[in-house]
Amino acid sequence: MKILLLSDIHANLTALEAVMVNVAELAPIDAIWVSGDTVGYGPDPNECIELVRESANMVVAGNHELAAIGKLSTEEFNAYAAAAADWTQKSLTDSVAEYIAEMPLRLEHGDFTLVHGSPRDPVWEYLLTDDGFRANLDHFETPGCVVGHSHMQFMVQIPDDGAMVVRAEQDVVVNIGDDRFFINPGSVGQPRDGDPRAAYAIYDEGERTVTFKRAEYDIGATQKRMESAGLPEVLADRLSHGR
Ligand code: ZN
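This one's a predicted model, so the numbers in the text were calculated from it and none came from an experiment.

Attention now goes to the coordination of the zinc ion. Within the protein, the atoms that donate to the zinc ion are Asp8 (OD), His10 (NE2), Asp37 (OD) and His151 (NE2), at distances of 2.0 to 2.5 Å. Taken together, the 4 donor atoms coordinating the zinc ion span angles of 86 to 176 degrees at the metal, a pattern that classifies the geometry as irregular. Mapped onto the polypeptide sequence, the residues donating to the zinc ion form the spacing pattern D-x1-H-x26-D-x113-H. Of this pair, aspartate 37 sits in the loop between strand 2 (31-34) and helix 2 (45-55) while histidine 151 sits in the loop between strand 6 (144-146) and strand 7 (153-158), and the two are 114 residues apart along the sequence. For the residue pair aspartate 37 and histidine 151, the accessibility class agrees, reading buried in each case.

In C-alpha cells form, the structure reads like this:
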C-alpha cells in the first residue's frame, strides 16, 4: 500500500497536476492523504478542491479552509494572506464551500494521525522546533503524525531516549523505524524551503518507508492566473523563489 502525502496545495492547480503526473510515472498509488490548506493564496481554489474531493481518501482542513468559509477571522493573517483569503471566499462555489465546511481538523488511520498544524493546535501551531515536537507527543495516540502548515519538508524521529533525528533528503527511501515520528510532506503549491518545485511525499505502508519528492511545474502559468485574478503580486513572486 503506497500513500501519497500532500499538503498546502494552496489553490495551485498547475503544481497539483504536475505532482499527479510525476507520481503516476513512479508507482501506482493506493491512497492520497491531504493535510490541509488546499485553498488560499493561489488562483484555483475550486479546481483544487474538486480534484482533492475526487481523488483523496483522507482530507483535513487547515487555517486557510476555515478562513475561506468565514469560520476563522483573517485578523491574524498578514495583509497579503488576508486579501487572498477574501478573494478565495468570494470565488468558492456553493458546492465547494459546503464540502469545506464538512472537513474535519483531525483524522486517524492505522499508524497515523493527520492534522494541519499540530495535534495540540491543528489550526495555528507551526511544528518546527524540538520542544514543539516533544510537547505534541502527548496529544496523539498513533505512532506517527502527518502535518503541514510550515511548508517545510521533513521527517522527525523521536526516540524515547536520545536526540531526535531529522530527515529531509530528496529521493532517498527512509525507514520509519520504531520510534514515534512526524512527517511533513512539504507544500505542493507554495514551498518555503528555497526549492520552488512542488513538494510531496510517498509513504509505503508495507515497507514502512517514506520518500520525499519534488515535481517541476510551470510556475509562470500559475503566476499569470494570479495576476488575472488580481491576487497580490508578492504572493505570485514568492512562487519563483520557494520562499
Ligand atoms: Zn499553508
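Moving on from the model shown.
A word on the side chain of lysine 213. The topology assignment puts lysine 213 in strand 12 (residues 209-215). Exposure remark for lysine 213: the relative accessible area of 13% places this residue in the buried category. Apart from residues no more than four positions distant in its own chain, lysine 213 is found in contact with Leu26, Gln153, Gln170, Asp171, Ala198, Ala199 and Tyr200.

Proteins that are soluble and globular tend to have nonpolar side chains buried together. Core analysis: the biggest nonpolar cluster contains 46 residues, and Leu6, Ile9, Val19, Val34, Val188 and Tyr200 have the highest contact counts within it. A total of 6 residues in this core trace back to one element, the largest contributor, which is helix 1 (residues 13-26). Membership of the second largest hydrophobic core comes to 18 residues, among which are Met58, Phe112, Leu114 and Met155.

What follows concerns the sheet that holds strand 6. Within the open sheet, the 6 strands sit side by side as 4-5-6-10-7-8. Their pairing is mixed. Where the open sheet ends on each side, the last strands, each with one partner, are strand 4 (106-109) and strand 8 (165-167). Adjacent strand axes in the sheet meet at a mean angle of 15 degrees, parallel and antiparallel pairs treated alike. Inspection of the sheet shows strand 6 paired to strand 10 (residues 180-185) by 3 bridges, in the parallel sense.

In this section: the pairing of strand 4. By the bridge criterion, 4 bridges tie strand 4 to strand 5 (residues 112-115) in an arrangement that is antiparallel. Paired with histidine 109 across the strands is phenylalanine 112, a residue of strand 5. Between strand 4 and strand 5, which pair antiparallel and follow one another directly, the connecting turn spans 2 residues, one of which, glycine 110, has a positive phi of 55 degrees.

Reading guide: rules and limits
- Residues numbered from 1 in each chain as written.
- Predicted model: local features only at pLDDT ≥ 70, side-chain atom pairs only at ≥ 80, totals over all residues.
- Heavy atoms only, no water.
- Donors = N, O, S within 2.8 Å, 3.2 Å for Na, K, Ca; no water.
- Tetrahedral: all angles 85-135°; square planar, octahedral: opposite > 155°, others 65-115°.
- Helix = DSSP H or I, 4+ residues; strand = E, 2+ residues; numbered from the N terminus.
- Buried < 20%, exposed > 50% of the residue type's maximum accessible area, 1.4 Å probe, protein only.
- Contact = heavy atoms within 4.5 Å.
- Core = buried A, V, L, I, M, F, W, Y, C linked by side-chain atoms within 4.5 Å.
- Pairing = 2+ DSSP bridges.
- Axes fitted to C-alpha atoms, helices over the stretch in contact; angles between N-to-C directions.

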